[in-house]
Amino acid sequence: MLEGRNTNFDAIVRMSGQPAQRIRFALDELGKRRLIGSAGENYTLYTSALDLLALKHYADRDYAMALGKLIAKGKESDVYEVLSPKSELFALKLFRLGRTSFRDVKRKRSTSTFDSISWVTSNYKAARHEFAALQMLRKLTENVPTAVDRDRHTVLLHELPGVRLSQRPELEDPEEILSSILQTAREAYMVAKMINGDLSEYNILTDGRRAWLIDWPQWVGPTHPNAGELLRRDVFTVLRFFVRAYGVKVDDERALKYVRGEVDSLKVRRGRSSTRGSG
Ligand SMILES: Nc1ncnc2c1ncn2[C@@H]1O[C@H](COP(=O)(O)OP(=O)(O)OP(=O)(O)O)[C@@H](O)[C@H]1O
Ligand SMILES: [Mg+2]
């Protein structure tokens with residue numbers, strides 16, 4: 001069956017090379033498991049089927065042996081823990097862009113070709129975009145997740161320890177962590193020519209000693225029409241959070257210049273003595 005497209009019964013039989021009766025049975029079974037939908041003789045794969053195909057891809061490559069807990073359910077993705085046969089832990093990010101509107105399509109029992117094509121296009125593209133970004137970034141810095149593989153609307157990452165910075169965990173050295181975040185943004189910008197575009201305390205993970213910048217599918221290059229504004233927002237969002245949560249202050253404009261490579265050092269100041277967020 002074609003991903004994101006309605007596929008006619010006769011075409012499925014032709015593509016499979018199997019007897020029509022057998023295909024009819026298989027389609028009925030897949031329908032009962034809510035993996036495919038149909039409108040007359042046209043069939044379409046649901047997201048759940050694409051999820052399974054991606055899992056099969058990772059299992060076939062010996063990356064996945066068991067699916068673990070749901071780590072996070074966001075607006076734009078679901079992230080599951082995955083265990084490999086070598087007992088490595090991965091984070092499997094399944095893109096869910098347009099989740100709500102696609103659900104509506106399903107609820108109305110329509111198999112609108114346009115909607116599922118655009119779902120496949122945007123989610124597959126997000127996965128490709130994030131995978132390519134992480135591969136590039138990982139050559140420059142260890143402060144981003146390692147992307148192991150990708151398939152369809154998913155990317156497989158090494159699971160990182162820690163929590164989101166938004167939870168305001170105790171940090172060993174908040175100034176040092178802020179410096180390392182800005183330095184990572186600087187390397188991304190100056191060397192990889194990448195601006196995250198959605199950087200915030202929600203897209204930074206930390207174990208208290210190190211910080212990782214995650215969530216890159218929306219990255220843009222410096223020639224993007226909004227590049228300047230996006231970089232400024234990324235930097236200022238992080239700075240505002242560090243003042244609020246840890247009392248750590250850097251001059252805004254200087255930090256922006258630092259990330260752009262216009263100055264070579266930062267002056268990080270401690271505003272108050274606590275190393276802990278005050279909630
Ligand atoms: N490599 C990883 N290791 C551990 N946890 C991860 C990893 N990548 C993502 N997560 C978890 O999944 C959450 C969502 O990931 P991410 O920010 O990449 O997706 P998102 O689509 O932006 O989700 P949201 O809509 O919640 O922002 C993260 O906040 C984090 O808790
Ligand atoms: Mg996120």
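## Focus: the packing of helix H7 (residues 227-246) against helix H8 (residues 252-260)
One way to put it is that H7 packs onto H8 with a least axis distance of 10 Å and a crossing angle of 125 degrees. The orientation of H7 relative to H8 falls into the category oblique. Remark: the crossing between H7 and H8 carries right-handed chirality. Between H7 and H8, the contacting residues are Leu231, Arg232, Val235, Phe236 and Leu239 on the first element and Asp252, Glu253, Ala255, Leu256, Val259 and Arg260 on the second. Here the contact of H7 with H8 is composed, by residue class, of seven nonpolar, no polar and four charged.

## Structural notes on the layout of surface pockets
Quantified by volume, the largest pocket comes out at close to 980 Å³. Along the walls of the largest pocket sit 36 residues, with Ser77, Val79, Asn203, Ile214 and Asp215 positioned nearest its centre. Of all the secondary structure elements, the ones that give two or more residues to the lining of the largest pocket are strand S4 (66-73), strand S5 (77-83), strand S6 (89-95), helix H5 (113-138), strand S8 (154-158) and strand S9 (163-164). The dominant element in the lining of the largest pocket, judged by the number of residues it contributes, is H5, at six residues. Here the residues of the lining of the largest pocket sort into 17 nonpolar, nine polar and ten charged. Mapping the lining of the largest pocket onto the domain boundaries places at least three of its residues in each of domain 2 (54-158) and domain 3 (163-270). Reported here for the second largest pocket is a volume of approximately 300 Å³. Lining the second largest pocket are 17 residues, with Met1, Leu30, Ile36, Leu45 and Leu53 sitting closest to its centre. Listing elements by their share of the lining of the second largest pocket, those giving two or more residues are helix H1 (9-16), helix H2 (20-32) and helix H3 (47-60). When the residues that make up the lining of the second largest pocket are grouped by side-chain class, the tally is 13 nonpolar, one polar and three charged.

## Quick look at a nonpolar patch on the surface
On the surface, Leu140, Met190 and Val191 cluster together into a nonpolar patch covering about 230 Å² of accessible area. You can see Leu140 is positioned in the loop between H5 and strand S7 (147-151).

## Let's talk about the packing of helix H6 (residues 174-190) against H8
Interhelical geometry of H6 versus H8 gives an angle of 45 degrees and a closest axis separation of 7 Å. Classed by the angle they form, the pair H6 and H8 counts as oblique. Across the interface between the two elements, Leu182, Gln183, Ala185, Arg186, Tyr189 and Met190 from H6 touch Ala255, Tyr258, Val259 and Arg260 from H8.

## So, the site of ligand 1
Near ligand 1 you find 18 residues, and of these Ser77, Lys93, Leu160, Arg164 and Asp215 are the closest. For ligand 1, an oxygen atom lies 2.9 Å from a polar atom in the side chain of Arg164. Those elements that provide at least two residues to the shell around ligand 1 are S5, S6 and S8. Looking at the shell around ligand 1 residue by residue, the classes come out as eight nonpolar, four polar and six charged. Built from parts of two domains, the shell around ligand 1 gets at least three residues from each of domain 2 (54-158) and domain 3 (163-270).

## Concerning the packing of aromatic side chains
Enumeration over the complete set of coordinates arrives at four aromatic pairs. With centroids separated by 6.1 Å and ring planes inclined at 90 degrees, the aromatic side chains of Phe241 and Phe242 adopt a geometry described as edge-to-face. A relative accessible area of 2% places Phe241 in the buried class. Phe242 sits in the buried class, given a relative accessible area of 0%. Put simply, the rings of Phe241, Phe242 and Tyr246 pair up and form one aromatic cluster. A cation over an aromatic ring shows up here: Arg24 above the ring of Phe9, its NZ or CZ 3.8 Å from the ring centre. Directly above the aromatic system of Tyr258 lies the positively charged group of Arg186, at a separation of 4.5 Å from the ring centroid.

## Thoughts on the sheet that holds S9
If you walk across this open sheet you meet the three strands as S9-S10-S11, and the pairing is antiparallel. Edge positions in the sheet fall to S9 and strand S11 (211-213), since each of these pairs with one other strand and no more. Bridge count for strand S10 (residues 204-206) against S11 is three bridges, and the pairing is antiparallel. By the bridge assignment, Thr206 is partnered in S11 with Ala211. Sheet strands in contact with H6 are S10 and S11, and its direction is about 25 degrees off that of S11.

About the cut-offs
- Residues numbered from 1 in each chain as written.
- Chains lettered and ligands numbered in written order.
- Predicted model: local features only at pLDDT ≥ 70, side-chain atom pairs only at ≥ 80, totals over all residues.
- Heavy atoms only, no water.
- Axes fitted to C-alpha atoms, helices over the stretch in contact; angles between N-to-C directions.
- Helix = DSSP H or I, 4+ residues; strand = E, 2+ residues; numbered from the N terminus.
- Parallel < 35°, antiparallel > 145°, perpendicular 65-115°, else oblique.
- Left-handed = near helix turned anticlockwise from the far one by under 90°.
- Contact = heavy atoms within 4.5 Å.
- Nonpolar A, V, L, I, M, F, W, Y, C, P; charged D, E, K, R; others polar.
- 1 Å grid on protein atoms, 1.4 Å probe; cavity = no way out; pocket = protein on both sides within 12 Å on 5 of 7 lines; lining within 4 Å.
- Points joined across faces, edges and corners; volume = space filled by probe spheres on them.
- Domains from an automatic or database assignment.
- Patch = residues over 30% accessible without salt bridge, like charges linked within 9 Å, V, L, I, M, F, W, Y side chains within 5 Å.
- Areas by Shrake-Rupley, 256 points an atom, 1.4 Å probe, with all protein chains shown as cover.
- Salt bridge = Lys/Arg side-chain N within 4 Å of Asp/Glu carboxyl O.
- Near = heavy atom within 4 Å.
- Polar contact = N/O pair within 3.5 Å; in protein donor to acceptor, adjacent residues only side chain to side chain.
- Phe/Tyr/Trp six-rings, centres within 6.5 Å; stacked < 30°, edge-to-face > 60°.
- Buried < 20%, exposed > 50% of the residue type's maximum accessible area, 1.4 Å probe, protein only.
- Lys NZ or Arg CZ within 6 Å of the ring centre and 35° of its normal.
- Pairing = 2+ DSSP bridges.

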